[in-house]
Amino acid sequence: MRTLEEQIDIAAPVLAAWEQLHRVHEYPRFVDGVRTAQPHGRNLAHLGVEIDGTERAVDAEITDRGRGRVMAWRTLDGVRLRGAFALLPLDARHTRLQIRVEYDPDAVHQEFGGPRGFAQAGAIERAVREDLDHFRELVETRVNAA
């Protein structure tokens, strides 16, 4: 398993970021490759994912931990991925979002193709960084519009 950790600061209160993380139906707005996202019950989500032209349906379990500041997730089928989002209030109007993603490089390559080794790690890191940037833009736009 490989582990990727990234973080980004957001000019928004922690509650605004927390609420956005729970808007599963809006994941296609900030998660690259997610085309559709539907919540199922309290802790499940069904995602339509496309990576390098390969489409897959993925079910994920989402659980909250850490007094409303940590959201853990894991895929239930297909490529086994898991991770967590941690929200740290920096002050009343700023939040740090930290993400941790764990994945098996061979399984990712087998399921979706693409590069291997350092090239694969770099591609995943760039995708996560871009997703964080999109998430920050979405949250900050919502806060500024309110």
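The preceding data block contains the structure.
Attention here is on the structure that accompanies the text. (Residues numbered from 1 in each chain as written. Predicted model: local features only at pLDDT ≥ 70, side-chain atom pairs only at ≥ 80, totals over all residues. Heavy atoms only, no water.)

Our next topic: the packing of aromatic side chains. Counting across every chain of the model gives two aromatic pairs. Ring geometry for Phe 30 and Phe 135: centres 5.0 Å apart, planes at 70°, overall edge-to-face. Here Phe 30, found in the loop between helix H1 (14-21) and strand S2 (34-40), pairs with Phe 135, found in helix H3 (residues 117-145); they are 105 residues apart in sequence, far enough to count as distant. A single burial state applies to Phe 30 and to Phe 135, both of which are buried. Clustering of aromatic rings is evident, with ring pairs tying together Tyr 27, Phe 30 and Phe 135. (Phe/Tyr/Trp six-rings, centres within 6.5 Å; stacked < 30°, edge-to-face > 60°. Helix = DSSP H or I, 4+ residues; strand = E, 2+ residues; numbered from the N terminus. Buried < 20%, exposed > 50% of the residue type's maximum accessible area, 1.4 Å probe, protein only.)

Looking now at the sheet that holds strand S4 (residues 54-65). The strand order across the open sheet built from seven strands is S1-S7-S6-S5-S4-S3-S2, with neighbouring strands paired in antiparallel fashion. The two strands at the open ends of the sheet, each matched to only one other strand, are strand S1 (2-10) and S2. Strand after strand, the sheet turns through a mean of 20° between neighbouring axes, direction not considered. Looking at chain direction, strand S6 (residues 81-91) and strand S7 (residues 94-103) are connected through ten bridges and run antiparallel. Bridge pairing in S7 links Leu 88 to Arg 96. Here H1 sits on the sheet and contacts S4, strand S5 (70-75), S6 and S7; the angle it forms with S6, its principal contact strand, is near 160°. (Pairing = 2+ DSSP bridges. Axes fitted to C-alpha atoms, helices over the stretch in contact; angles between N-to-C directions. Contact = heavy atoms within 4.5 Å.)

If you trace the backbone, Thr 36 turns up in strand S2. Residue Thr 36 is classed as partly exposed on the basis of its relative accessible area of 39%. Separated by eleven residues in the primary sequence, Thr 36 and His 25 place their C-alpha atoms 7.3 Å from one another. Setting aside residues no more than four positions away along its own chain, Thr 36 makes contact with Pro 28, His 46, Leu 47 and Gly 48.

Moving on to the side chain of Glu 6. With respect to the helices, strands and loops of the structure, Glu 6 is situated in strand S1. Among residues more than four places away in sequence, those in contact with Glu 6 are Leu 97, Gln 98, Ile 99, Glu 125, Val 128, Arg 129 and Leu 132.

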